[in-house]
Amino acid sequence: MNRVVMNMDAQGCWTIYSDEPIEFFCVNDHCPRDRVYQMDVEVGVEKVRQQLGNDPVGHINDSHALGEGYGPRKPPSKRKLEVVK
């Protein structure tokens, strides 16, 4: 399974990380003549691991969307494939 992480920094800028090379597009319907942008993607399993750290992973069906301390969370998803060096 390929993981993709979108990280918003303190200034509101996005950086996209992926385990493997991908093409990532952002569509903005507010700009009809210039609405599709291809984004740069930082590639590497270790880069994704650094972004995720040991933080708990929330899911769309969690009982609360407010974050840690506001309700039970599902366990983090398990990676099905391992990278072989």
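Just so it is clear, the model here is predicted, and its values are computed rather than measured. (Residues numbered from 1 in each chain as written. Predicted model: local features only at pLDDT ≥ 70, side-chain atom pairs only at ≥ 80, totals over all residues. Heavy atoms only, no water.)

**Student:** So what's going on with the overall build of the protein chain? Residues and values would help.
**Tutor:** Looking only at helices and strands, one finds 1 helix and 5 strands in the protein chain. Counting from the amino terminus, helix and strand elements in the protein chain follow one another as β-β-β-β-β-α. By the burial criterion, 13% of the 85 residues in the protein chain qualify as buried. A separation of at least 24 residues holds for 33% of the contacts in the protein chain among residues at least 6 apart in sequence. (Helix = DSSP H or I, 4+ residues; strand = E, 2+ residues; numbered from the N terminus. Buried < 20%, exposed > 50% of the residue type's maximum accessible area, 1.4 Å probe, protein only. Contact = heavy atoms within 4.5 Å.)

**Student:** How would you explain the sheet that holds strand β5 (residues 41–43) if you had to name every residue and give the values?
**Tutor:** Picture the strands of a sheet paired through backbone hydrogen bonds; they go either parallel or antiparallel. Taken together, 3 strands build an open sheet; the order of strands is β1-β2-β5 and the sheet is mixed. Edge positions in the sheet fall to β1 (4–8) and β5, since each has one partner strand and no second. In this sheet, neighbouring strand axes are inclined to one another by 30 degrees on average, regardless of whether the strands run parallel or antiparallel. In this sheet, β5 lies alongside strand β2 (residues 14–18) in parallel orientation, the contact comprising 3 bridges. If you follow Ser 18 over to β5, its bridge partner there is Val 43. (Pairing = 2+ DSSP bridges. Axes fitted to C-alpha atoms, helices over the stretch in contact; angles between N-to-C directions.)

**Student:** Requested: an account of the pairing of β1, with residues and values cited.
**Tutor:** Judged from the 5 bridges that link them, β1 and β2 form a sheet pairing that is antiparallel. Along β2, the bridge assignment pairs Asn 7 with Thr 15.

**Student:** Describe the pattern of salt bridges, and please don't skip the residues or the numbers.
**Tutor:** Going through the model one piece at a time under the given rule, you end up with 4 salt bridges. Note that Arg 35 is salt-bridged to Asp 29, the shortest N-O span being 2.3 Å. Linking Arg 49 and Glu 46 is a salt bridge whose minimum nitrogen-to-oxygen distance equals 3.2 Å. Of this pair, Arg 49 and Glu 46 are both found in helix α1 (residues 45–52), 3 residues apart, which corresponds to roughly one turn of the helix. Here Arg 49 falls in the partly exposed class, since its relative accessible area comes to 46%. Residue classification places Glu 46 among the partly exposed positions, given a relative accessible area of 46%. (Salt bridge = Lys/Arg side-chain N within 4 Å of Asp/Glu carboxyl O.)

**Student:** Got a sec to walk through the side chain of Ser 18? Specific residues and values, please.
**Tutor:** Mapped onto the secondary structure, Ser 18 falls in strand β2. A polar atom in the side chain of Ser 18 sits 3.3 Å from the side chain of Asn 2. Apart from residues no more than four positions distant in its own chain, Ser 18 is found in contact with Asn 2, Arg 3, Val 4, Val 41, Glu 42, Val 43, Gly 44 and Val 48. (Polar contact = N/O pair within 3.5 Å; in protein donor to acceptor, adjacent residues only side chain to side chain.)

**Student:** I'd like a rundown of a nonpolar patch on the surface, residues and numbers included.
**Tutor:** Taken together, Val 4, Met 6, Met 8 and Trp 14 make up a surface patch of nonpolar side chains, about 400 Å² in accessible area. Looking at the nonpolar patch, the element that brings in the most residues is β1, giving 3 residues. Tracing the backbone shows Met 6 in strand β1. (Patch = residues over 30% accessible without salt bridge, like charges linked within 9 Å, V, L, I, M, F, W, Y side chains within 5 Å. Areas by Shrake-Rupley, 256 points an atom, 1.4 Å probe, with all protein chains shown as cover.)

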